[in-house]
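# Coordinates in review
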Amino acid sequence: MTPAPDLSISGTATIDGATLFAPLTLTLGAGAWTCLLGGSGVGKTTVLRLIAGLETGAEFTGRITASDGRPVSERVAYMAQDDLLLPWATVAQNVSLGARLRGETVDLDRRDRLIERMRLQDHLTRKPSELSGGQRQRVALARTLMEDRPIVLLDEPFSALDARTRADMQDLAAEALRGRTVLLVTHDPAEAARLGQSIVVMTQHGLTPCDPPAAPAPRAVDDPNALETQGALLKLLREAA
Amino acid sequence: MRYLSALAATLFALAVWQGVVSLTGLPKFILPGPGLVAETWWQNRWLIAEHTWTTAVEVVIGLACGTLLGVVTALQLANSRVARVLVQPMLVFTQALPVFALAPLLTLWLGYGLWSKVAMAVLIIYFPITSSFFDGLMRTPAGYLDLARTMQASRGAVLWHIRIPAALPSLASGMRLAAVYAPIGAVIGEWVGSSQGLGYLMLLANGRAKTDLMFAAMLTLGVFSILLHMIVRRATAGMAGEMR
């Protein structure tokens, strides 16, 4: 993996002439987790999809740049709320999907190491339908890591999980994605307070940066500082509505 | 349980049939009873088997060719906007034409033998195969395509690794429909011009007022179609179960 760059997106987006978000600038610190927190429909997923180079349905005017001056969208790995596992492929095949799609030879050692790291070694030849929600998201995380990209874009990847599994996945992802430039889009203040090394609240009025809790991420689920931040973030979200 | 209910339904149908024959007293050249038909079937079993074989060959070749043609067409349509603009309206038009109307023409072009019937079977299943597979190919879940895009997949790789496997259940349902339609196509072809096959046998028996033989041929065709459907169903079970 190349060293993770700073990332910056600045500009405005419109849908059919209506403003989706007014001019804004979001900077993602190199090798750090930035949590973009906001309610539905404020355009936070659009920001993520723009960085990923995906279809958004919105007209974007502005710039997306990396501090090392190299192109952005071909250096991202993407993880969504839906695990997007191919139902006809085994766990092992899903993890190595990227290489197969690019016609590259799969690094089998690396694949197996990642699968083991995600504690999935007993499920190598299983199909996704045979796995629990948490296991499926771990396969998706292994697939994301297999891509070995310096920039990782997470679109509410844990929001469909139950509370315990979600906390486990947050710890696992925080540890596994350390050192990469991560953008986590979420609507959950608790998640932002646990994971964000930088936290930005997105409302229809624009972006509001918030101080992250003092402890290093991932913070304990009962970390008083994180709980306080969670409260402050929720308050901010409610005021904006 | 399933076999038991199928057996019950068959017995019920036979009872209704026999009931109608007994109650109305219709002459046997109008409506022969199940007993007579069974007897005729047994007496003519070799004749019927021979004609069934002819029809079966037509249907199986037609099914194979039609499926292949439909799959290739659907892939072309899914892959090329130009093909969609040029070919799709034509496809709908061919479906709007009743196949019955084309049968005399096909017989004129391809003769009285096997190939005009194969062509009929192909024509009748081409549209369901093409349109079901094409629909499947165009309805790939958007998330998969997003993911592939962030992985810098080529169009060909996306088609092969994602769109085709995701469309297999649709193709499977098209093929199951085709298994029911293909015998219809072949039999229509035989009606229009032939000297062999169950369709021919039905016409022949009808012309000679051998209604019992006609019933025997007709029921054989029905059983054949059901068997074919079951075989195709079994064969495509893996494809249909591919999606969760």
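Up top you'll find the structure we're talking about.
Please read these numbers as outputs of a predicted model, since none were measured by experiment.

### Let's talk about the interface of chain A and chain B
Taken together, the contacts link 20 residues of chain A with 18 residues of chain B. When residues of the side of chain A that touches chain B are traced back to their parent elements, those giving at least two are strand 5 (76-79) and helix 3 (97-101) of chain A.

### As for the packing of helix 3 (residues 45-79) of chain B against helix 8 (residues 155-192) of chain B
Residue and element names in this part refer to chain B. Two elements in contact, helix 3 and helix 8, have axes whose closest approach is 9 Å; the angle formed by their N-to-C orientations is 145°. Judged by the sense of rotation from one axis to the other, the crossing of helix 3 with helix 8 is right-handed. Seen from helix 3, the contacting residues are T55, E58, V59, G62, L63, G66, T67, V71 and N79; seen from helix 8, they are L159, L171, M175, A178, A179, A182, P183, G185, A186 and V187.

### Things to note about the sheet that holds strand 8 (residues 198-203) of chain A
Residue and element names in this part refer to chain A. Strand order in the open sheet formed by six strands is 5-6-7-3-8-9, with mixed pairing between adjacent strands. On the outer flanks of this sheet lie strand 5 and strand 9 (206-210), each paired with one strand and no other. Averaged over all adjacent pairs, the angle separating strand axes in this sheet is 20°, with direction ignored. One ladder, built from five bridges, connects strand 8 with strand 9; its direction is antiparallel. Bridge assignment links T203 to a residue of strand 9, and that residue is G206.

### Some points on the pairing of strand 7 (residues 181-186) of chain A
Residue and element names in this part refer to chain A. Burial of strand 7 is extensive: six of the six residues sit out of reach of the surface. Burial along strand 7 is two-sided: T181, L183 and V185 and V182, L184 and T186, pointing in opposite directions, are all buried. As judged from the five bridges shared by strand 3 (residues 33-38) and strand 7, these two strands associate in the parallel manner. Opposite L36, over in strand 7, you have V185 as the bridge partner. The pairing of strand 6 (residues 151-155) with strand 7 spans five bridges and is parallel. Paired with V152 across the strands is V182, a residue of strand 7. Crossover handedness for the path strand 6 to helix 6 (residues 163-176) to strand 7: right-handed.

Thresholds applied
Residues numbered from 1 in each chain as written. Chains lettered and ligands numbered in written order. Predicted model: local features only at pLDDT ≥ 70, side-chain atom pairs only at ≥ 80, totals over all residues. Contact = placed C-beta atoms within 7 Å. Helix = DSSP H or I, 4+ residues; strand = E, 2+ residues; numbered from the N terminus. Axes fitted to C-alpha atoms, helices over the stretch in contact; angles between N-to-C directions. Left-handed = near helix turned anticlockwise from the far one by under 90°. Pairing = 2+ DSSP bridges. Buried ≥ 20, exposed ≤ 12 C-beta atoms within 10 Å, placed from the backbone. Right-handed = clockwise from strand over helix to strand, strands pointing away.

None of this, on its own, says anything about what the molecule does.
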